[in-house]
Structure formats: structure tokens, C-alpha cells
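Secondary and tertiary structure notes
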Amino acid sequence: MRTLPTMLRKELLETWRTYRFLILAVVFLIFALMSPLIAKLTPDIMKMSFGKSLGIQLPKPTSVDSWTQFYKNIGQMGIFVVAIMFSGTMSQELGKGTLVNLVTKGLPRWVVVCSKYISLLLQWVVILTASFLVTWGYTAYYFPDHKTPHIFLGFLPLLVFGMFFLAVILFGSTLARNSYSGLLFTILVMGVLYLVNLFKAAQNYNPVTLIGDNMAITQGTKTLVKIAPGMAVAVAAAVLLVIGAVAVLNRQKL
Amino acid sequence: MNNNWQLLIKYLPIFIPIIILELALMITALIHVLRHPHYRFGNKVLWIIIVVVFQIIGPIVYFAFGRGDDSRG
Amino acid sequence: MDDILTVQHVQKSFGSKHVLQDVDFSIPTGSIFGFVGENGAGKTTTMRMILGLEKPDKGTITVGGEPVTFGATKTNRITGYLPDVPAFYDYMTPAEYLDLCARITGIDQRRQRIAKMLDLVGLKPDKHRIRGFSRGMKQRLGIAQALLNEPRLLICDEPTSALDPAGRNEFLELLASLRGQVTVLFSTHILSDVERISDRVGILHDGRLQACDTLVNLHKQFGRSQIVLTLADGATAQRCRQALAPLAVQAQGTIVTVTYHGDYAATVSQILRALVAANIAPVSLQQENPTLEQIFLEVIGDAHAAHDA
């Protein structure tokens, strides 16, 4: 227990000095800035490329378009970048043998897993909240309408999804000896979840609903309660995956 | 052309931070490429081109896959 | 004198490969123990088991009287470990890395201890990150982290094999300077290193410790001392060989080698009497002490003979 803050410090120093935090923050902020911009420019771009020949009148963009862009950018590209950046978090240590010195000095292995998970969660919450605030500010400035009443409720599932997604990354990374196979595991899990999503009955229980239904909740066409099972599954799975990662690391050869 | 200028001015508050962030990412990656001449694959010139030409994606790919182990021995 | 480490009937196999058949030895407190064996003999595996990084299939290991358990073993409090290729966090400075280690071990007055360790191994406490370190510098940082918690047992895996001659010399002197403060177990395939600093030697071969004793005793037991005579020409050498026939004699060119066990003086006088009787005057007569290499080959040879029989 005493070593947990020490290892958390080490993890945060690592993500800072290896530029991982910086890259993620910059990429997410760019996504956040792009969202209202793309929403605003899409009709103009269409007009420019098609000229006057475009018969139909394009609807004026609203805050709905801006937030749609946000959840599309983060929920697809964003989490993929997160997976790329963090899929080596444990596998690199296992591959290089950097844990040998620490474990032979009495570092419990569960502390390694937990410090990494906490560090990943902290980064996710900070970066995601910052990008959310940026998109919120610009959307409020450029689209002063009332079409997106539940901004926070729509954002909450995405935040919770991170708990699950980061646990998947960490578990995959603990199984692997290089970051590529760790990444593969994460992609595989997401693939399976999207396949499961084809069955209507399972949709509300599926963690991917947390990155799929954000707009419906933001606009008020779906309630948060509806996807509560999905959230519960995501949190439970996250806990199990972290415990699983500890169990795997306890058996791993360092 | 006039239309484009209007667009640019109108969305300047959003363009400026995007450009700054992209440049920051590119320069960070560029400095890293120049100062750590060991890559998992490829060579210095290739990585400079990737980092400079492909905005956002280039630096990510470099930091995720191109950056090598720096140790000498 | 107590034994700080005892390894009792330890067996280990990876898949169908029996790496360690039955390893059994102990190290008395205060000694420098050289662990010798060919590459792949199982030295690293034995050491990793002592550290709880590997689980023995059978047998028990105790360090400082406490049994070693797999995973996080309590005995690691009193051990220091230098892996064959120590891996550090490249983005840290040596001082930062030692601070991390010190916090994990729970050392009081970290600052002084770290400064002392850096000084001992000759690394500067500056802002240079480990990323730019050479093999030798990494090895020095490795010994600093291994000694950080003032261990009673220091375990070094092939500490000199990656170093150049100057670095090796420096490292051996550092190890030798620890004599009396720390019990050292170090593995190597460089026999001259063992001869230089260790007082006890264990020879691992075919999954068993074929010999384990003090250097002096090994010399007595396995050392075949030799006396080398140089003669004027080949014909004289042959005559000499016949004259010394009752002894174990070999002749090659103008060189005649006599292998003997036991007392040097007695053997020499026996040789001289025989030579005088045969009227042969050697150009030179020289005593050759057995090297550890000869002992090593002898021990391994015995093992093969026992195996074949």
C-alpha cells in the first residue's frame, strides 16, 4: 500500500517524459476544436464544391452537428489513439525486464497494475474533460440554440466508458510481450462488442452503448437510465479486468 | 476567394488554437526525431518527412511506432 | 559460521528440459561465492529462484533462515540483485531511479544513501538521463541499486561478461572491496574472475552442482599438479619418459610432463633420483600449479565419466 503513491508518481513521470500525455492532450484538443468547426463548415464546403448546381437547400448547422462531430471524433479516432499510446504500458516493462529490479526490492505486483490503472484513468479524465469544455465553449459561442439540453448527461457515459476501455488495454498489455499484441487484444475486444451490438436485446447491456448513445441522451430522446445496465456492465467488467490483470501478472515471468 | 477570407476571419478563434497545437505537436516530434537518431525502423529523413507532411497522424505514428530505444550499449 | 543461503535438493524443468536435476549447496555468511558453469547450465535459473522470480519444481531455498516463496518473497529485504542485463527506466536520471528503488524498499534518509551509492560506483548526480548510458555505466548503476538497501546477500548474474577488460577489472575490485560487509554470490563463465576474488566455488554442470567447496579444497581434491621438464632433444625426452615410467608421464617433443598427486618435494626428489640414475640432464624443471580451468574440466570430465558408467 505504501508503495502505491510511489509507483503512481513513477507512472505520471513516465507518461510526461515519454510525451504520451502531451500527445494525447494535443490530439484530443484538436478533435475538440475541429468538432464545431467541421459542423459549421460542412454546408459551406458543400456549397463551394458543388456551386449553385446543388438543388436542395442545406439545413443550417446546429449545436447537434457540433456535438455529433465531437462524439464521432472521440468515440472512434480518439479511443483508437488512446489504445495505440497505452497498449505498451505493461508489455514494454515485461519485454524489457524493467520490473525485475523493483519486484526484487519488495514491490507487490498488484501495485504495478493498480498504479498503472489509476494513472491511465487520471489522464483520461483530465484530457477528456478538457476537450469536453473546449467543445462546449465553442459550441455555445457559434451555435447559441437549445437543441442540446443534456450536455453533461450525454458526456457521462463516455467518461465511464474510459474506465472499461483502459482496463481492457491494461489487461491486454499484461498478457502481451510487445505493444502490438496488446493493441491487437484491445481491437479484438472492441470488434466482439460491436458484433454483439448487432443483437438488439443486448444493446443496452453492451459497454459500446456508452459511446454510441451520447447524442440521443444529449438531445433528450433517450434517458440515461436506459443505458444504466451498460454502465453497470462496463464498471463491473473494468473491475474484473483489473483483478484479472493482477492475476496474470502474478504468473508472468518478469 | 473573398468568401474564403470571410470564413477564415469568422472562425479565426478556432483556427488559431488548432494551428498552434498542430505546430506544437510537429515541432515536439521533429526535435525528438533529430535528437534521438535511433528508430525502430526507417531513417531520419523518412521520419522528418512523415512528421512534417502528415499533420497530427505523423507525430502520433512516430511516437507510437517509430521512436526507438535510446540506449547506446 | 552460519549459512546465509541454503539451497536444498532443488529441481527445475522448463517443459521437457530438465535444467536443474538436484542442486544442493549453501553459502556461509561473509564469503564470496563464485558460481561457475557453461552458458545455459542453469546459473541464472538458480539465482532467479533464490530471488523468488522462478518457482522450483521441488526442493527448498532459505535466505537468512527464512524460506523463499515465489512472487513477492520477504527474503528480498536482505538481498540485492544485479541481473545480467539490468533494465532501467531510460527517462530517469540515476538519482531519480535510485530514489524510486529507495522508496520501494523503504529506506530512511534516502538523499544521503543515494549520494553515497552514486559516489561508490562513480556516477555523477547530474541531470543526465539513463537513456544515454553505456553498458559499463548501466552496470555501475546496477550495482548501486543492488547495494542500496544494504543487503546481506548480493546476487550478481554474469556481472562482468558485458564489460571491457578495464571495466571488468574495476568491477571485480569493487566486488572484492565488499568482502566482509556483504556475502556475494556471483555467476560467471570467466574462470579467472572467480580465481581472483572468490573464496568459494560451485561448479554447475548437467543440472547438478558437481563440486562446491573452497578454492583451496578444490585444488587439493581435483587439482592435478604437474612438473614440466624440458630436455635437450626428442630422443632424450623419450629416454626420460622411460626412466620416469612408474609415474604418470607424457612426452611431447622435447617436453616431458609428470602429473602427480600429493607432495611436490617428494615427487621432485623421486624424479631427480631417477634422472641421475639414467644419467639424463634436463634443461629445465618447472612446477605448474593447476588453474581453475583445469579443475573445471576435471570436474566436468568426472561428471561425464560417471554419466557414461
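Residues numbered from 1 in each chain as written. Chains lettered and ligands numbered in written order. Predicted model: local features only at pLDDT ≥ 70, side-chain atom pairs only at ≥ 80, totals over all residues. Heavy atoms only, no water.

Going by this rule: UniProt positions are given in the numbering used here, feature names are shortened, and annotations may be inferred rather than shown by experiment.
By the naming in an unreviewed UniProt entry, chain C goes by Abc transporter atpase and is assigned to Schleiferilactobacillus harbinensis DSM 16991. As recorded by UniProt, the Sequence similarities (unreviewed entry) comment attached to chain C reads in full: "Belongs to the ABC transporter superfamily."

As recorded in an unreviewed UniProt entry, chain A goes by the name ABC transporter permease, listed as coming from Schleiferilactobacillus harbinensis DSM 16991.

**Things to note about the overall build of chain A**
Heads up, the condition is: Strands here mean DSSP runs of E at least two residues long; helices mean DSSP runs of H or I at least four residues long; both are numbered from the N terminus. The criterion used for residue contact is that any of the two residues' heavy atoms lie within 4.5 Å. Residues counted as positive are Lys and Arg, residues counted as negative are Asp and Glu, and His and the chain ends are not counted. Charge placement uses NZ in Lys and CZ in Arg. For Asp and Glu, CG and CD serve respectively.
Of regular secondary structure, chain A possesses ten helices and zero strands. The N-to-C order of helical and strand elements in chain A reads α-α-α-α-α-α-α-α-α-α. A principal-axis box enclosing the C-alpha atoms of chain A has dimensions of 70 × 40 × 30 Å. The long-range fraction of contacts in chain A, counting pairs at least 24 apart against all pairs at least 6 apart in sequence, stands at 81%. Of the charged side chains in chain A, 21 are positive and 7 negative, and the gap between their average positions amounts to 8 Å.

**A look at the UniProt feature "domain: ABC transporter" (unreviewed entry) in chain C**
As recorded in UniProt, the feature "domain: ABC transporter" (unreviewed entry) lies at residues 5-231 of chain C. Annotation note: span residues 5-231 of chain C, helix share 32%, strand share 30%, distance between end C-alpha atoms 51 Å.

**Topic: a nonpolar patch on the surface**
All names here are of chain B. The following threshold applies: Residues forming no salt bridge and having over 30% relative accessible area are the ones grouped into patches, like charges within 9 Å of each other and nonpolar side chains (Val, Leu, Ile, Met, Phe, Trp, Tyr) within 5 Å. Calculation of accessible area relied on Shrake-Rupley with a 1.4 Å probe; when residues are assessed, cover is drawn exclusively from the protein chains displayed. When a carboxyl oxygen of Asp or Glu lies within 4 Å of a side-chain nitrogen of Lys or Arg, that pair is called a salt bridge.
A surface patch of nonpolar side chains, amounting to about 580 Å² of accessible area, comprises Trp5, Leu8, Ile9, Leu12, Ile16 and Ile20. Of all the secondary-structure elements, those providing two or more residues to the nonpolar patch are α1 (2-10) and α2 (12-35). With respect to the secondary-structure elements, Leu12 resides in helix α2.

**What about unusual backbone geometry?**
Residue and element names in this part refer to chain C. One non-glycine residue, His9, adopts positive backbone phi at about 45°. One can find His9 in strand β1 (residues 3-14). With phi around 60°, Asn279 is a residue other than glycine that occupies positive phi space. If you trace the backbone, Asn279 turns up in the loop between α9 (264-278) and β14 (284-288).

**Some remarks on the packing of helix α2 (residues 94-105) of chain C against helix α4 (residues 135-147) of chain C**
Residue and element names in this part refer to chain C. For the record, the criterion: To obtain an axis, a line is fitted to C-alpha atoms, over the contacting stretch when the element is a helix, and the angle between two such axes runs from 0 to 180 degrees between their N-to-C directions. Each angle is binned into one of four classes, with values under 35 degrees roughly parallel, values over 145 roughly antiparallel, values of 65 to 115 roughly perpendicular, and all other values oblique. Crossings are assigned a handedness: left-handed for a near helix turned anticlockwise from the far helix by less than a right angle, right-handed for a clockwise turn.
One way to put it is that α2 packs onto α4 with a least axis distance of 10 Å and a crossing angle of 25°. Regarding the angle of α2 to α4, the classification is roughly parallel. For the pair α2 and α4, the sense of crossing is right-handed. For the pair α2 and α4, the contacting residues are Pro94, Tyr97, Leu98 and Cys101 in the first and Leu141, Ala144 and Gln145 in the second.

**Overview of the UniProt feature "transmembrane region" (unreviewed entry) in chain A**
All names here are of chain A. According to UniProt, the "transmembrane region" (unreviewed entry) feature falls on residues 21-39, 70-89, 110-138, 150-171, 183-202 and 227-249. Helix makes up 100% of residues 110-138 and strand 0%, whereas the separation of the span's terminal C-alpha atoms amounts to 42 Å. Helix makes up 70% of residues 183-202 and strand 0%. Its end C-alpha atoms lie 25 Å apart.

**Structural notes on the sheet that holds strand β11 (residues 225-230) of chain C**
Residues and elements named next belong to chain C. Applicable threshold: Criterion used throughout: strands pair if DSSP finds at least two bridges between them.
If you walk across this open sheet you meet the four strands as β12-β13-β11-β14, and the pairing is antiparallel. Two strands lie at the open edges of the sheet, namely β12 (248-252) and β14, each paired on one side alone. For this sheet the average axis-to-axis angle between neighbouring strands, irrespective of direction, equals 20°. Where β12 meets strand β13 (residues 255-260), five bridges bridge the pair, whose relative direction is antiparallel. Each residue of the ladder has a partner; that of Gln250, found in β13, is Thr257.

**Let's talk about the interface of chain C and chain A**
Quite often, the size of an interface is put as the accessible area lost when its parts meet. Heads up, the condition is: Throughout, the accessible surface (probe 1.4 Å) given up by two parts as they are put together, summed over both, is called the buried area. N or O atoms closer than or at 3.5 Å make up a polar contact, with two conditions inside protein: a donor-capable atom paired with an acceptor-capable one, and, for residues adjacent in sequence, both atoms drawn from side chains. Three classes are used: nonpolar for Ala, Val, Leu, Ile, Met, Phe, Trp, Tyr, Cys and Pro, charged for Asp, Glu, Lys and Arg, and polar for all others, with Gly counted as polar.
The interface is formed by 28 residues belonging to chain C together with 27 residues belonging to chain A. Between chain C and chain A, a total of about 2500 Å² is buried, with carbon and sulfur atoms accounting for 56% of that surface. Sorting the residues of chain C by area buried against chain A places Tyr89, Tyr91 and Ile104 of chain C first, and these three jointly supply 29% of that buried surface. At the surface where chain C touches chain A, the tally comes to three salt bridges. A salt bridge links Glu96 of chain C to Arg17 of chain A; its shortest N-O distance comes to 2.7 Å. Where chain C touches chain A, the interface holds ten residue pairs in polar contact (both at pLDDT 80 or more). Within the residue set of the side of chain C that touches chain A, elements represented by two or more residues are α2 and α4 of chain C. Broken down by element, the residue count for the side of chain C that touches chain A peaks at eight residues, all from α2 of chain C. For the side of chain C that touches chain A, a count of residues per class yields 16 nonpolar, six polar and six charged.

**Describing the side chain of Thr209 of chain A**
Turning to its location among the elements, Thr209 of chain A is positioned in the loop between α8 (179-196) and α9 (214-219). What Thr209 of chain A contacts, discounting residues up to four positions off in sequence, is Gln203, Asn204, Ile227 and Gly230 of chain A.

**Here's the deal with the pattern of salt bridges**
Note the threshold: The cut-offs for exposure are 20% and 50% of the maximum accessible area for each residue type, with area from a 1.4 Å probe on protein chains only; residues under the lower value are buried, those over the upper are exposed, and the others partly exposed.
Here the structure, examined in full by the defined rule, presents 18 salt bridges over all chains. With a closest N to O distance of 2.9 Å, Glu158 of chain C and Lys43 of chain C form a salt bridge. Linking Glu158 of chain C in the loop between β7 (153-156) and α5 (165-177) with Lys43 of chain C in helix α1 (residues 43-50), this pair joins segments that are 115 residues apart in sequence. For Glu158 of chain C, a relative accessible area of 11% translates into the label buried. Here Lys43 of chain C falls in the buried class, since its relative accessible area comes to 4%. Arg48 of chain C serves as the salt-bridge partner of Glu54 of chain C, at 2.9 Å between the closest nitrogen and oxygen. Arg48 of chain C matches Glu54 of chain C in its accessibility class, with the two residues each being buried. One network of salt bridges, with partners in common, ties together Lys10, Glu11, Glu14, Glu93 and Lys116 of chain A.

**Comments concerning the packing of helix α1 (residues 3-17) of chain A against α2 of chain C**
Their axes nearest at 9 Å, the elements α1 of chain A and α2 of chain C cross at an angle of 155°. Taken as axis vectors, α1 of chain A and α2 of chain C run roughly antiparallel relative to one another. The crossing of α1 of chain A and α2 of chain C is left-handed. Where α1 of chain A abuts α2 of chain C, its residues Thr3, Thr6, Met7, Arg9, Lys10 and Arg17 of chain A lie against Glu96, Asp99, Leu100, Arg103 and Ile104 of chain C. Taken together, the residues of the contact of α1 of chain A with α2 of chain C sort by class into three nonpolar, two polar and six charged.

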